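Summary of structural features
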Amino acid sequence: MPLSAVSLFTNCGAGDIGFAKAGFQFEVLAEIDQGRLAVASLNLPDSTAIPGDLRHTWPDVVAAYRDRRDHEPPALLAACPPCQGLSTANARRGIGEDADSGSKDMRNLLVVPIAEVALALMPRVVVVENVRAFLTRKVRHPHTQEAVSAAVLLISLLKKEYVAFPFVSDLADYGVPQTRIRSFITFVRRGETCLRLLDEYGAVPYPTPTHAPDYGGEPVSLRDALHSFELPALDASSVSAARSDQSLHFVPVWSSEQYRMVEAIPAGSGASAWENDDCPKCGSSDLPRDLACCPTCNVRLQRPHVIEDGQARLVKGFRRSSYRRLSPDRPAATITTGSNRIGSDRTIHPFENRVLSPLECQKLQTLPEDFKWGDAHKQSRSNLIREMIGEAVPPRFTEAHGKVLTKLLVNGRPQGLLLRGDQRVSKAAQKLEALDTVSYPRG
């Protein structure tokens, strides 16, 4: 019989699908955006959907679960609070040590309703996912006003009832074909039998990596991933070339100037337009990287630039990763909400002159082929789909994690438990202990 579960900050339900494949039945889904919640409900149709801001609706989540399961505690509470206030991509987030700046973005304090739901329903396990800065970005504790990270705040709210197991990993180590470094905290309710088993094994409730070099594996390269997708070629030069007959396999059309800039980046090189060092008119080569125009013929170089007062200047931005082709011989860069933007972080196809399509991003996030997008499926709403995909938790990992949890919760002895001495565990614990005096399980 499936183990009962509740999802908070559900987004489109991608991560929950992985847990569902591992044996969990989601009774309640909670998400502020009704469009995203509609998509999640399509893919987890037997759940009760609770729309709205969880700071206000968390009692509705509790009531909805009890309507379905009475006072039986959930086996799992899964929560993926927003990361925008924590992410390094947010230029206005302030420095990580500034707790007052961190608390100005109320999204950084959304661990509080997670704790409210957990303490009301007392799930056997709570799993919280976020970016790596979740462990270290400081906010003000709402009760004590101490400067703590959101993770430490959540642990402090739950520590009387739960043991916390922190974990940070690149999910490419688990076969996700992209670099996606994420933090997880799995809370196990005190008194659970599996805590003794974990202590006996010197382990934590996470799976052993399947594709990590330190475990004898190899991450999936973007080249191999794209080859396995078997999708037709696209090109950003025209509307007809930028579309295919496959749903969600289309890309934005570029201006002729943008197109020539990307076309000049050698296919398969992983290089960027900032490195287009040859003049397209006179052939001058190895031109200095700080120039927007050729010093010999004054033609604009094929580098990212803007025109101000009739003069070209280079775009101000991140020159390490923007306007860059993806490298084919390593996992894709992290799929983000800006996957359609040429100037975002490594979004350009490694060989073709275009960005990745929504379908390719869906597959790189390991969402299943039969994932349902409903009304969001229309091409006019493709940016919403890209946003949902960019914020998704890859179900390939949550399925592997869920299989460990289901085995532990039914008092089984799962194979391949991650040991406490693993660097993914010890580094996460060290980050937390640097901010708080609580002791965390580690080897």
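Up top you'll find the structure we're talking about.
The paragraphs below set out a description of the structure included in this document. Bear in mind the structure is a predicted one, so any value in this text is a computation, not a measurement.

1. Section: the overall build of the protein
For the protein, the count of helices and strands is 13 helices and 13 strands. In terms of overall size, the protein behaves like a compact globule, its C-alpha atoms giving a radius of gyration of 23 Å where 443 residues would be expected to give roughly 22 Å. With the principal axes as the frame, the protein shows a C-alpha extent of 75 × 45 × 45 Å. When burial is assessed residue by residue, the protein has 56% of its 443 residues classed as buried. Residue pairs at least 24 apart in sequence account for 64% of intrachain contacts in the protein once pairs closer than 6 positions are excluded. Here the protein has roughly 19,200 Å² of accessible surface; of this, 47% comes from carbon and sulfur atoms.

2. Considering unusual backbone geometry
For tyrosine 323, which is not glycine, the phi torsion reads 55 degrees and is therefore positive. Even without being a glycine, arginine 346 presents a positive backbone phi close to 50 degrees. If you trace the backbone, arginine 346 turns up in the loop between strand E12 (311-314) and helix H10 (358-364). Residue classification places arginine 346 among the partly exposed residues on the basis of a relative accessible area of 27%.

3. Digging into empty space enclosed by the protein
For the coordinates displayed, the defined rule picks out two cavities of 30 Å³ or more. Taken as a whole, the largest cavity holds about 60 Å³ of empty space. Lining of the largest cavity is provided by Leu326, Ala332, Ala333, Thr334, Ile335, Thr336, Ser339, Asp345, Arg346, Thr347, Leu356 and Cys361. Per-class residue counts for the lining of the largest cavity are six nonpolar, four polar and two charged.

4. Some words on the packing of helix H1 (residues 14-21) against helix H12 (residues 395-409)
Running from N to C, H1 and H12 point in directions that differ by 40 degrees, and their axes come no closer than 7 Å. Like other packed secondary-structure pairs, H1 and H12 cross with a definite hand, here right-handed. Each of Ala14, Gly15, Gly18, Phe19 and Lys21 in H1 lies in contact with H12, whose residues at this interface are Pro395, Thr398, Glu399, His401, Gly402 and Leu405. Residue classes in the contact of H1 with H12 are distributed as four nonpolar, five polar and two charged.

5. Quick word on the nonpolar core
Generally speaking, a soluble globular protein has its nonpolar side chains buried in company with each other. Counting 66 residues, the largest nonpolar core has Phe24, Leu76 and Trp373 as its most contacted members. Among the elements that make up this core, the one with the highest residue count is H12 (five residues). Sequence-distant contacts of phenylalanine 24, defined by excluding residues within four places in its chain, comprise Pro2, Leu3, Ser4, Ala5, Phe19, Ala75, Leu76, Gly402, Leu405, Thr406 and Leu409. By size, the runner-up hydrophobic cluster in this structure holds 41 residues, among which are Val28, Leu54, Ile114 and Val148.

6. What to know about the pattern of salt bridges
Scanning the model with the defined rule gives 25 salt bridges in all. The shortest N-O distance in the salt bridge between glutamate 72 and arginine 69 comes to 3.0 Å. The exposure class of glutamate 72 is partly exposed, given its relative accessible area of 39%. Judged by its relative accessible area of 15%, arginine 69 falls in the buried class. In this structure, arginine 424 and aspartate 173 form a salt bridge, with 3.0 Å as the shortest nitrogen-oxygen distance. Of this pair, arginine 424 sits in helix H13 (residues 423-433) while aspartate 173 sits in the loop between strand E8 (162-170) and strand E9 (181-189), and the two are 251 residues apart along the sequence. With respect to burial, arginine 424 and aspartate 173 carry one shared label: buried. Residues participating in the shared-partner salt-bridge network are Glu27, Arg68, Arg69 and Glu72.

7. So, the packing of helix H5 (residues 111-121) against helix H6 (residues 150-158)
Where H5 contacts H6, the two axes come as close as 9 Å, and the packing angle between them is 20 degrees. With respect to their mutual orientation, H5 and H6 come out roughly parallel. As for how H5 packs across H6, the hand of that crossing is right-handed. Residue-level inspection shows Val111, Val112, Ile114, Ala115, Ala118 and Leu119 of H5 in contact with H6, the latter providing Ala150, Leu153, Leu154, Leu157 and Leu158. Classifying every residue of the contact of H5 with H6 by side-chain character gives 11 nonpolar, no polar and no charged.

8. Focus on the environment of glycine 202
Summarising the element assignment, glycine 202 is placed in the loop between helix H7 (193-201) and strand E10 (203-207). For glycine 202, a relative accessible area of 27% corresponds to the partly exposed category. With 41 residues separating them in the primary sequence, glycine 202 and glutamate 161 have C-alpha atoms 21 Å apart. In this structure glycine 202 touches Leu419 and Arg420, once residues within four positions along its chain are discounted.

9. Structural notes on the pairing of strand E3 (residues 48-51)
Bridge count for strand E2 (residues 24-31) against E3 is four bridges, and the pairing is parallel. The partner of alanine 30 across the bridge, within E3, is isoleucine 50. In terms of handedness, the path from E2 via helix H2 (residues 34-43) over to E3 forms a crossover that is right-handed.

10. Some remarks on the sheet that holds E8
Strand order in the open sheet formed by seven strands is E3-E2-E1-E4-E5-E9-E8, with mixed pairing between adjacent strands. Only two strands of the sheet have a single neighbouring strand rather than two, namely E3 and E8. Neighbour-to-neighbour, the strand axes of the sheet open up by a mean angle of 20 degrees, direction not taken into account. Here strand E4 (residues 76-79) runs beside strand E5 (residues 125-131); their pairing, made up of four bridges, is parallel. The residue bridging alanine 79 from the neighbouring strand is valine 128, located in E5. Of the strands in this sheet, strand E1 (3-8), E4, E5 and E8 are in contact with H5, which crosses E4 at around 175 degrees.

Cut-offs used in this document
- Residues numbered from 1 in each chain as written.
- Predicted model: local features only at pLDDT ≥ 70, side-chain atom pairs only at ≥ 80, totals over all residues.
- Heavy atoms only, no water.
- Helix = DSSP H or I, 4+ residues; strand = E, 2+ residues; numbered from the N terminus.
- Rg over C-alpha atoms; globule rule 2.2 N^0.38 Å.
- Buried < 20%, exposed > 50% of the residue type's maximum accessible area, 1.4 Å probe, protein only.
- Contact = heavy atoms within 4.5 Å.
- Areas by Shrake-Rupley, 256 points an atom, 1.4 Å probe, with all protein chains shown as cover.
- 1 Å grid on protein atoms, 1.4 Å probe; cavity = no way out; pocket = protein on both sides within 12 Å on 5 of 7 lines; lining within 4 Å.
- Points joined across faces, edges and corners; volume = space filled by probe spheres on them.
- Nonpolar A, V, L, I, M, F, W, Y, C, P; charged D, E, K, R; others polar.
- Axes fitted to C-alpha atoms, helices over the stretch in contact; angles between N-to-C directions.
- Left-handed = near helix turned anticlockwise from the far one by under 90°.
- Core = buried A, V, L, I, M, F, W, Y, C linked by side-chain atoms within 4.5 Å.
- Salt bridge = Lys/Arg side-chain N within 4 Å of Asp/Glu carboxyl O.
- Parallel < 35°, antiparallel > 145°, perpendicular 65-115°, else oblique.
- Pairing = 2+ DSSP bridges.
- Right-handed = clockwise from strand over helix to strand, strands pointing away.

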